Each structure stands twice: as structure tokens, then as C-alpha cells.
Amino acid sequence: MNLFTIHLPPPHNSLFNRRTTRFSICFSSESTHRVKLAESLQSETLKLLEWPAVCRQLTAFTSTSMGLDAAQSARIPVGKTPEESRKLLSQTSAAVAVPRPLDFSGIEDVSPIVGTAVSGGILSIRELCSVKRTLAKARLLLQQLEEIDLQGDFPERYSPLKEILHSCGFLVELEQKIEFCIDCSFSVILDRASEDLEIIRSERKRNMENLESLLKQLSTRVFQGGGFDRPLVTKRRSRLCIAVRASHRSLLPNAIILDTSSSGSTYFMEPKEAVELNNMEVKLSSSERIEEQTILSLLTSEIAESNMKIKHLLDKILEIDLAFARAAHAQWIGGACPALSSRNCNISQSELLSINVEGIRHPLLLESSLRNLSTDVSPRSPDLDQGNGVMYSEKKSHAHFPVPIDIKISHGTKVVVISGPNTGGKTASMKTLGLASMMLKAGMYLPAQNQPRLPWFDLILADIGDQQSLEQSLSTFSGHISRLCEILEVASTESLVLLDEIGSGTDPSEGVALSESILQYLKDRVNLAVVTTHYADLTRLKEKDNRFETAATEFSLETLQPTYRILWGSMGESNALNIAKSTGFDERIIERAALWVKQLTPDKQQEQKGLLYRSLIEERDRLESQAMEVASLHSDIMNIYNEINSESQDLDGREAALKGKETHEIQQEMRTVKNEIQTIVQRFESQLRNVSADEINPLVKKAESAIASIVEAHQPSKESLVREIGQNLYTPRVGEQVYVKAFGNKLATVVEEPWDDDTILVQYGKIRVHVERRSIRPIPPDASSGVAHLKTQVKRIRSFRDLGSLSGANSNQKDSYGPVLQTSKNTVDLRGLRVEDASHQLNMAIDSRAPNSVIFVIHGMGTGVVKESALKTLRDHPRVVKFEQESPMNYGCTVAYIK
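Scoring rules and cut-offs
- Residues numbered from 1 in each chain as written.
- Predicted model: local features only at pLDDT ≥ 70, side-chain atom pairs only at ≥ 80, totals over all residues.
- Heavy atoms only, no water.
- Phe/Tyr/Trp six-rings, centres within 6.5 Å; stacked < 30°, edge-to-face > 60°.
- Helix = DSSP H or I, 4+ residues; strand = E, 2+ residues; numbered from the N terminus.
- Buried < 20%, exposed > 50% of the residue type's maximum accessible area, 1.4 Å probe, protein only.
- Axes fitted to C-alpha atoms, helices over the stretch in contact; angles between N-to-C directions.
- Parallel < 35°, antiparallel > 145°, perpendicular 65-115°, else oblique.
- Left-handed = near helix turned anticlockwise from the far one by under 90°.
- Contact = heavy atoms within 4.5 Å.
- Nonpolar A, V, L, I, M, F, W, Y, C, P; charged D, E, K, R; others polar.
- Salt bridge = Lys/Arg side-chain N within 4 Å of Asp/Glu carboxyl O.
- Core = buried A, V, L, I, M, F, W, Y, C linked by side-chain atoms within 4.5 Å.
- Expected span 1.5 Å × (residues − 1).
- Arc of directions from axis to C-beta.
- pLDDT = per-residue confidence, 0-100.
- UniProt positions renumbered as here; feature names shortened; annotations may be inferred.
- Pairing = 2+ DSSP bridges.
- 1 Å grid on protein atoms, 1.4 Å probe; cavity = no way out; pocket = protein on both sides within 12 Å on 5 of 7 lines; lining within 4 Å.
- Points joined across faces, edges and corners; volume = space filled by probe spheres on them.

Visitor: Explanation requested: the packing of aromatic side chains in the structure shown.
Guide: Aromatic ring pairs: the centre-centre distance and the angle between the two ring planes describe each pair. Per the counting criterion, the structure on display carries two aromatic pairs. Plain terms: the ring middles of Phe61 and Trp332 are 5.8 Å apart, the flat faces sit at 55° to each other, and that makes the pair tilted. You can see Phe61 sitting in the loop between helix 2 (51–56) and helix 3 (65–72) and its partner Trp332 sitting in helix 11 (residues 307–333), a full 271 residues away along the chain. The exposure classification of Phe61 matches that of Trp332, with both residues buried. Considering the side-chain rings of Phe104 and Phe324, the 6.4 Å spacing of their centres and the 70° angle between planes classify their relative orientation as edge-to-face. You can see Phe104 sitting in the loop between helix 4 (82–97) and helix 5 (111–118) and its partner Phe324 sitting in helix 11, a full 220 residues away along the chain.

Visitor: Honestly, the packing of helix 6 (residues 125–151) against helix 11 in this entry has me stumped. Any pointers?
Guide: The geometry of a pair of packed helices is captured by two quantities: the angle between their axes and the separation between those axes. Packing of helix 6 against helix 11 leaves a shortest axis separation of 11 Å and a crossing angle of 45°. Judged on the interaxial angle alone, helix 11 and helix 6 are oblique. For the crossing formed where helix 6 meets helix 11, the hand is left-handed. Of the residues in helix 11, those in contact with Val131, Thr134, Leu135, Ala138, Leu141 and Leu145 of helix 6 are Ile310, Leu313, Leu314, Ile317 and Ile320. For the contact of helix 6 with helix 11, a count of residues per class yields ten nonpolar, one polar and no charged.

Visitor: Sorry if this is basic, but what is going on with the pattern of salt bridges here?
Guide: Pairing between side chains becomes possible if they bear opposite charge and their charged atoms approach one another. For the structure on display, the rule yields 25 salt bridges. Asp545 serves as the salt-bridge partner of Arg547, at 3.3 Å between the closest nitrogen and oxygen. Exposure remark for Asp545: the relative accessible area of 13% places this residue in the buried category. Put simply, Arg834 and Asp837 hold a salt bridge, and the shortest N to O gap is 3.4 Å. Overall, the relative accessible area of 59% leaves Arg834 in the exposed class. Among the charged side chains, a salt-bridge network with shared partners connects Asp191, Arg201, Arg204, Glu281, Glu288 and Glu292.

Visitor: When you look at the environment of Glu276 in this model, what are you seeing that I'm missing?
Guide: Tracing the backbone shows Glu276 in helix 10 (residues 275–305). For Glu276, a relative accessible area of 60% translates into the label exposed. Each C-alpha atom of the pair Glu276 and Leu211 lies 9.4 Å from the other, and the pair is 65 residues apart in sequence.

Visitor: Explain the nonpolar core here, please?
Guide: Generally speaking, soluble globular proteins have nonpolar side chains that are buried together. If you look at the biggest cluster of nonpolar residues, it comprises 94 residues, and the most contacted ones within it are Trp51, Leu161, Ile182 and Ile303. Ignoring sequence-local partners within four residues, the contact set of Ile303 consists of Val114, Ala117, Leu123, Leu128, Val131, Leu174, Ile178 and Ile310.

Visitor: So what exactly am I meant to see when it comes to unusual backbone geometry here?
Guide: As a rule of thumb, non-glycine residues mostly have phi less than zero, and peptide bonds are mostly trans rather than cis. Residue Ala74 is not a glycine yet carries a positive backbone phi of 60°. Taking relative accessible area as the criterion, Ala74 reaches 25% and is therefore assigned partly exposed. In this structure, Leu171 takes a positive phi of about 50° despite not being glycine.

Visitor: What's the story with helix 15 (residues 508–522) in this structure? I'm lost.
Guide: Because an α-helix completes one turn every 3.6 residues, residues spaced three or four positions apart along the sequence face the same direction. Between its first and last C-alpha, helix 15 extends 21 Å over 15 residues, near the 21 Å set by a 1.5 Å rise per residue. Along helix 15, the residues classified as buried are Gly511, Val512, Ser515, Ile518, Leu519 and Leu522. Down the axis of helix 15, the buried side of the element spans an arc of 135°, and every buried residue falls inside it. Projecting away from the buried face of helix 15 at angles above 90 degrees are the exposed residues Ser509 and Glu510.

Visitor: Sorry if this is basic, but what is going on with the confidence of the model for the protein chain here?
Guide: The predicted coordinates should not be examined in detail at positions where pLDDT is low. In this model, the protein chain carries an average pLDDT of 78, and 77% of its residues clear a pLDDT of 70 or more. Of the regions scoring below 50 in pLDDT, residues 1–27 engages in 16 contacts with residues more than four places distant in sequence or in other chains.

Visitor: Would you take a moment to explain the UniProt feature "coiled-coil region" (unreviewed entry) in the protein chain for this structure?
Guide: As annotated by UniProt and renumbered to match this structure, "coiled-coil region" (unreviewed entry) occupies residues 190–221. Structurally, residues 190–221 comprises 84% helix and 0% strand, and the distance from its first C-alpha atom to its last is 38 Å.

Visitor: Where do I start with the pairing of strand 21 (residues 759–764) in this structure?
Guide: For a regular strand, side chains alternate in direction, first toward one face of the sheet and then toward the other. Counting buried positions over the six residues of strand 21 gives five, a clear majority of the element. Of the pairings in the sheet, the one linking strand 20 (residues 746–750) to strand 21 comprises two bridges and is antiparallel in character. In the strand pairing of strand 21, Val750 is matched with Val762. With six bridges joining them, strand 21 and strand 22 (residues 767–772) adopt antiparallel strand pairing. Its bridge partner being in strand 22, Gln763 is matched across the sheet by Arg768.

Visitor: Could you clarify how one ought to interpret empty space enclosed by the protein in this entry?
Guide: A probe matching the size of a water molecule, rolled over the atoms, marks out where space remains unfilled. Under the counting rule described, the total for this entry stands at four cavities of 30 Å³ or more. Along its surface, the largest cavity is lined by 14 residues, and Asp463, His480, Leu484, Ile502 and Gly503 are the ones closest to its centre. When contributions to the lining of the largest cavity are tallied by element, the ones reaching two or more residues are helix 14 (476–490) and helix 15. Top element by residues in the lining of the largest cavity is helix 14. It accounts for four residues.

Visitor: Is there a simple way to explain the packing of helix 4 against helix 7 (residues 159–166) in this structure?
Guide: Two elements in contact, helix 4 and helix 7, have axes separated by 7 Å at closest approach and are oriented at 110°. By the angle between their directions, the pair helix 4 and helix 7 is classed as roughly perpendicular. Contacts between helix 4 and helix 7 involve Ser90, Gln91, Ala94 and Ala95 on the former and, on the latter, Pro160, Leu161 and Ile164.

Visitor: Would you take a moment to explain the sheet that holds strand 6 (residues 266–270) for this structure?
Guide: Where strands meet in a sheet, backbone hydrogen bonds hold them as pairs that are either parallel or antiparallel. Strand order in the open sheet formed by four strands is 3-4-6-5, and the pairing between neighbours is antiparallel. Two strands in the sheet have a free side with no partner beyond their single neighbour: strand 3 (233–236) and strand 5 (256–260). Strand-to-strand twist in this sheet, taken as the mean axis angle between neighbours without regard to direction, amounts to 45°. Strand direction decides the pairing type here: strand 5 and strand 6, joined by four bridges, are antiparallel.

See the structure below:
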């Protein structure tokens with residue numbers, strides 16, 4: 001809330017101006033107090049609603065340390081205006097639509113590092129590399145989103161996420177400077193970082209080579225002189241030296257003793273020849289460290305100058321991380337995206353309800369159930385307080401899920417009074433509404449069905465629980481009144497007020513009067529107030545003012561247990577006597593209490609007690625049962641409609657395309673067959689010129705068998721031929737099951753004979769519809785039904801007029817059969833027949849053949865049973881002169897010669 005700016009007048013201003021100044025200061029002070037009080041009450045309300053526990057549910061889905069810390073400390077962004085909340089929701093929806101999660105690896109919270117740079121400290125190589133890595137990975141996030149955007153069908157879907165990163169700079173120049181100066185793989189400063197560093201390191205390298213060469217020579221001489229077990233060059237006091245036994249130190253005259261061993265038997269001596277070189281090494285080493293510090297200082301100052309941009313970038317990374325965390329949380333709870341209710345006076349028919357939330361579950365109770373159901377994903381939050389009222393009833397697998405409730409409040413309703421028994425779920429339902437409102441403001445999906453609709457509340461203020469304070473000398477009632485007074489002070493026309501057990505803790509008559517007065521005050525000053533009570537008088541306020549609404553928690557009189565459902569528009573009973581009776585109270589106490597209730601209850605209310613409530617419950621159950629049946633029937637109808645609609649899309653075009661494809665395939669197959677037959681014919685003609693008359697028959701037989709194999713391989717199946725021939729002649733009978741093309745070749749039952757317009761009434765499931773007769777086909781018969789055998793004749797490959805005369809000139813006894821050519825009349829096909837049937841059919845075919853003829857017996861390969869039976873029949877039959885088995889070009893066929 002913006003405060004007024006105070007402009008103090010100069011001393012010579014008039015008295016009127018001075019009074020105005022004092023008034024402005026007083027008004028500003030009151031406004032500041034009101035803002036601080038509102039912030040305090042809002043913070044306390046969020047604790048009462050257990051909002052931090054809901055925020056902690058996001059910790060399992062965050063990808064950065066910043067997101068984890070924000071979720072654990074309940075510092076996730078919450079919209080301060082309806083537009084900001086809509087923006088957060090659009091980001092969540094965009095993240096839900098992303099097909100794969102973004103890679104946040106390598107991103108660190110470098111805020112402390114930037115703070116060190118700003119405060120004047122010098123950053124280390126590791127810290128500088130952390131900044132560089134974070135800048136590079138942040139830029140990679142935008143690249144990942146753009147890649148996903150290019151691959152998607154709706155580019156604008158991810159624009160809310162890309163806008164987050166488009167609005168910030170990635171400090172590429174700073175990243176490049178750090179990369180130029182530091183090798184982060186080895187955590188070293190590179191020589192190219194500065195010219196001075198390169199020169200110093202070059203001189204130091206050359207000096208170190210000279211020093212090591214000198215000491216290696218001297219150590220070898222000491223070793224050869226017996227001064228030590230081996231040549232040993234080591235470092236003491238940052239100077240290179242040689243190890244020498246104390247008894248042989250004379251081997252290094254004028255050397256400086258830098259150190260001795262613990263036993264005193266070994267001296268570490270610096271030869272006088274190495275003093276200058278060691279001095280140079282120490283000097284260059286110091287210069288190198290100074291130059292490195294200078295480079296680190298320069299890079300640190302670059303980071304300090306860019307601290308605002310870096311922090312802005314970190315905020316945007318956190319925003320992206322939390323958007324994806326909210327999206328993953330929404331999928332975990334099976335959430336629905338909420339919509340903000342319109343505040344316009346012109347409300348559409350679909351928005352008659354200011355709050356319309358169906359099947360919502362308390363998010364903390366749902367978390368507990370999901371934990372028990374699956375341990376695949378479990379938020380990193382401690383055990384949660386279950387709140388007042390437990391709504392467990394449904395059971396899925398081994399987990400008890402909270403009962404979903406509906407919250408439906410009309411436009412114009414300002415106060416909702418919820419009544420009902422204790423432990424019935426009144427407080428839990430009120431908390432659910434409060435948490436749902438906060439989740440909407442924070443851009444989170446709700447654990448509800450369909451699309452929830454709620455208004456945007458600037459403040460959510462609650463008085464729930466016992467406000468008793470011994471330290472402040474406050475009783476329970478005083479504590480409630482004190483807090484309620486503060487709530488009334490800061491509440492606005494956009495606020496949501498939640499009051500639990502209003503007016504309790506004092507005399508009932510005074511409590512009712514005070515409560516009614518408070519509610520009458522609230523109806524003109526807040527967006528919505530939801531209160532729970534046991535006072536029946538408060539539930540009758542609806543009769544006087546339509547801005548009041550009532551609701552009741554359902555209580556089963558059969559089981560004497562609450563069902564945890566909310567009945568909107570109903571007035572509930574506390575059922576205290578029924579509950580007491582179910583717990584085993586003395587019958588006499590219960591009866592006496594019932595007499596007192598009769599005396600205290602008005603006659604009119606006594607007559608209507610429970611009757612209206614029970615009738616409404618029965619009517620509701622009946623309507624719900626009918627609604628479920630209608631919904632089931634509607635679902636079946638829509639499924640059938642969608643299935644038929646999808647199948648009927650562009651039938652003419654699909655049919656034309658299918659015919660064109662089949663025509664092309666047939667033409668291609670015909671060309672292939674023609675080429676294969678032409679090749680055989682050409683080979684036959686070339687061989688015919690070079691053979692004698694005795695070799696003509698085998699040659700013809702060989703070519704003819706090859707052609708028969710080609711035709712057999714390309715001829716259509718028996719079933720397809722039967723279907724093509726009999727499709728137009730088929731007329732279904734009543735009660736017969738047929739395949740319907742319009743239903744996607746699904747089975748349907750014929751209900752009536754074909755009509756004059758050539759349509760047939762069929763039934764599919766619960767639906768009856770007229771379809772064209774040409775769109776149905778019968779169920780194909782099985783193999784045992786005996787489909788008529790169809791064969792196509794094979795045309796002769798050429799004329800053998802000259803061949804017959806040539807054969808007659810040189811024929812002998814065995815040439816009297818003529819050319820052995822297969823036709824449909826001299827062929828018997830035994831494939832697919834049983835052994836007995838095949839033997840019988842073959843005997844009949846042999847008996848019917850004319851003398852000096854041939855018969856082609858096609859028995860196939862298969863298991864060989866029919867083949868063996870056919871060969872045995874040919875072997876034993878008196879009319880068979882000989883037979884030739886399985887020529888190389890015609891497998892599965894035997895040629896028999898008849899007397």
C-alpha cells in the first residue's frame with residue numbers, strides 16, 4: 001500500500017498550513033500502522049492455514065538451491081494484483097506443456113559471492129568460476145526453451161517462460177572475461193590474463209630450470225661422495241636445497257644450513273652457487289602472486305559493478321525454477337488450473353458463481369495420502385499437522401484419500417455460515433478455501449476437478465483456534481475479540497475473512513447477538529466472509545438478507561458419523577445428543593437433555609425438526625443416482641459419436657486414395673509377373689533351338705512349372721475372392737452379427753430386414769442406427785465350413801503347333817502323352833484337405849482321366865502327410881504308369897502318367 005508523501009512547510013507558513021501538516025503526519029502514521037497490522041495479520045493467518053507446509057511441497061520439484069531455499073522458507077512469489085497472479089498461472093501452464101524438463105545443472109546461488117565483491121573482498125578462482133558457470137548455464141536455459149519452441153506446434157505456448165529470460169541480460173562480456181583469464185577446469189589463472197603475468201612466469205620458468213639443473217648436479221656429487229643415500233633436492237623455507245648427512249657437510253663448503261632433521265643427522269643446505277637463483281625464484285614467485293591478485297581484483301570489481309544485473313538474473317532463474325516446480329507439483333497432485341472470477345457487472349451464464357470449485361481436497365491431507373500411495377516422489381517436508389477435522393473416507397490402493405468437497409458460492413453472497421457437528425469438517429473446509437485462494441494467488445494448480453473458479457483476494461484473514469494468552473491476561477473469548485477487532489480494522493472490500501466458532505466462549509445469548517452484529521458489519525465491508533458456528537440463529541440470517549448463505553456438514557443418522565461433505569444452502573444440526581448416545585452416555589442423561597431441547601426449541605421448529613433435512617438428503621441421493629446414469633449414457637453416446645465421426649472424415653478422399661494405391665500396386669505386380677514370365681519364355685526359346693525331340697517334353701515341363709509357380713505366388717487368396725464375389729449378393733438376416741464399416745469395422749447386430757432404400761437397421765451397444773447395405777459385410781466363415789475352391793486358368797505361354805509335328809516325327813512309346821502342359825482340367829489340388837478326403841479326391845481324378853494323359857497333383861509341402869498319402873495312392877493305383885516327384889522348378893507338385 002502506498003503511503004502519502006509528507007512535505008513539511010517552511011517556518012513562515014500560516015497556522016492553517018501547520019495544522020494541515022500535523023493532520024497529514026497523523027494520517028500517514030495511521031496508514032503506516034494499518035499496513036504493518038495487515039502484514040502481521042496476514043503472516044499469522046498463513047501460519048494458521050499451514051501455508052508454509054504447502055510451500056514445502058514444492059521442495060521436491062525445485063532444481064536449484066535458490067528454489068529449494070525459497071520453498072522451504074515459504075518465500076515463493078505471490079501475486080500482489082490479479083494481473084500478477086494471472087501471469088504466474090500462465091507461467092505454470094506453459095511449464096506443464098513443456099515436453100521435457102530443463103537442465104538447471106551448474107547453476108548456483110552466487111548472491112553471497114556477489115555480496116563479497118560489493119563489500120570490497122577479493123574473490124577466489126573457485127568463486128569466479130562459479131559466477132562464470134552460472135552465467136553460461138542461465139543462457140543455456142533460454143536456448144533450451146527456444147529449441148523446444150521450434151519443435152512444438154504452438155510456439156506461443158511457451159512465451160510466458162521465454163519472456164522471463166528475455167527481459168534480462170546474460171552478461172556475456174563478463175563471462176568471456178573470466179573465461180579468458182581463468183581455466184576453470186584446472187582452477188588456474190592463464191598466462192594470457194596479462195602481459196606482466198606472462199613475462200613473470202616465463203622468467204620464473206627459465207630461472208627454475210637453471211636452479212634445478214644446478215642442484216641436481218651438486219646433489220649427485222654429494223651422493224657420489226657418500227654424503228647421502230641418494231641425490232635429494234627438496235624445499236625448505238621456500239628455497240630449494242640439498243639433503244646432506246651432518247658428518248659430510250664439508251662436501252658443500254660455504255653452504256647455508258636452512259633446516260635439520262628431527263634427529264639432527266641430516267642437514268638441508270643451500271649451496272652458495274644457488275643463493276642468487278633462489279633469491280630470484282622467491283622474488284619472481286612473489287611478483288607472480290601479486291599479479292594474480294591484481295587480476296582477481298580486476299575481475300572482482302567487474303562483478304561488483306554488475307551486481308544488480310547478476311542479482312536480477314538470479315531472480316529470473318529462480319522464477320523459471322519455481323514455475324517448473326509448480327508445474328511438477330500440479331502433475332503430482334493431479335491439479336486443475338484455476339480461473340479468476342470476473343468482477344464485471346455483466347456476468348455470463350457460466351459465471352453465476354463467484355466461487356465454483358468441484359471436488360477439491362485439502363492439499364496437506366492429500367500429500368499424506370500420496371505419500372502412502374507411492375514413494376516415487378515425496379516432498380522434503382516434515383510431518384504435517386492434520387488440522388482441525390480429518391476428511392478421510394475414500395480408499396485407493398492402501399492409501400486413504402481425503403473426501404473431495406464442492407465449494408459453490410454465488411455472486412452477491414458476502415457471508416457464508418457453516419453449521420454442523422464437531423469433527424464434521426467445518427474448519428478443514430474453511431482452511432481448504434483459504435489455501436485454495438493462496439494457491440491461486442501464487443500461480444499454483446488446485447487439487448480439484450474441472451476448472452476451479454475463485455475471486456482474487458488482496459488479504460486472507462483468519463481467526464482459527466484458541467487465542468487464549470496467560471501472558472497477556474486474555475481469556476479465550478477476549479483473545480478472539482481482540483484478533484477480530486484487528487481483522488475488522490484492516491479488512492477491505494477485496495478481502496476474505498475466515499472466522500471459526502464465532503461468538504463462542506461467552507454467554508450464548510450475548511454471543512449470538514454479538515456474532516450477528518459482526519456479520520452484518522462484515523457483509524458491507526469485505527468480499528467474502530466464511531464463518532463456522534453452532535448458533536442456529538445465525539443460520540437464519542439468510543431468510544432476511546440474500547447476501548447471506550448457509551452451508552452444513554453432512555452427518556449420517558444411520559452410522560452417527562460425519563461424511564465430511566458440505567451441503568450448500570442447508571442448515572445443519574449439531575447432533576450433540578446423537579453423538580453422546582453413540583459414545584455410551586447414560587440413557588437417563590440423554591432423555592433429560594432431550595426434554596430440555598424441546599422446552600428451548602420453538603414449536604414451529606420442533607414440528608419441522610429433521611423432516612426437511614431428511615427429505616432433502618433423500619432427494620439429493622436420488623438425483624445424484626439419476627445424474628450418474630445419465631452421465632454414463634451420455635459418455636457412451638459421445639464415445640460412439642466420436643468414433644463414428646473420426647471414421648467418417650473424408651471417406652470419399654480416403655476411398656479414392658486407397659483405390660489409387662491398390663491400382664498402382666496391382667499394376668506394379670503385373671509388370672513384375674510379366675517380366676518374370678518373359679524371362680522364362682526367352683530362356684525356353686533359346687534352349688528349344690539346341691535340343692532334340694526327346695528333350696522337348698522335359699524342357700516344356702520345366703518352363704511350364706516355373707510359370708505356374710510364379711502365378712501361384714501372385715494369385716489372390718481364397719477368402720478375398722469369396723468376399724469380392726459374394727459381397728454384392730449378401731443379404732443379412734435379422735439377429736445376425738455383421739461388420740459395419742461406418743463403426744470402424746466393429747460388430748453390430750441386424751435388427752430389421754433391409755428397407756426399400758437399401759438401408760439396414762443395426763444395433764451397436766445401446767445405439768440403433770440405419771446404415772447402407774454396402775457398408776456391412778458378413779463374418780468370414782471358418783476353414784471347416786468348406787469354401788468353394790476357386791482357381792484361375794493360366795494362359796499358355798506360346799503356340800506349340802510346330803512342336804507337335806516335330807514330336808510326331810521322332811516319337812516312341814513314351815512320347816504318346818504329347819506335351820506335358822498343366823491346365824485347370826488336368827490339375828487336382830489336395831492342399832488344405834484331410835488325408836482321407838485327399839485320397840478319395842485323387843482316386844476320383846485318376847479314374848476320370850482319359851487314356852494316355854497326365855494329371856498334376858498339387859499336394860504342397862506342409863507337414864508332408866498329404867504328400868505321402870498322395871504318393872502312396874499313385875504308387876498303388878493300377879492306371880498310373882509312372883509319376884515324377886517334385887521337379888526343381890515346381891515344388892509341391894507331382895506329375896502322374898495315366899495308361
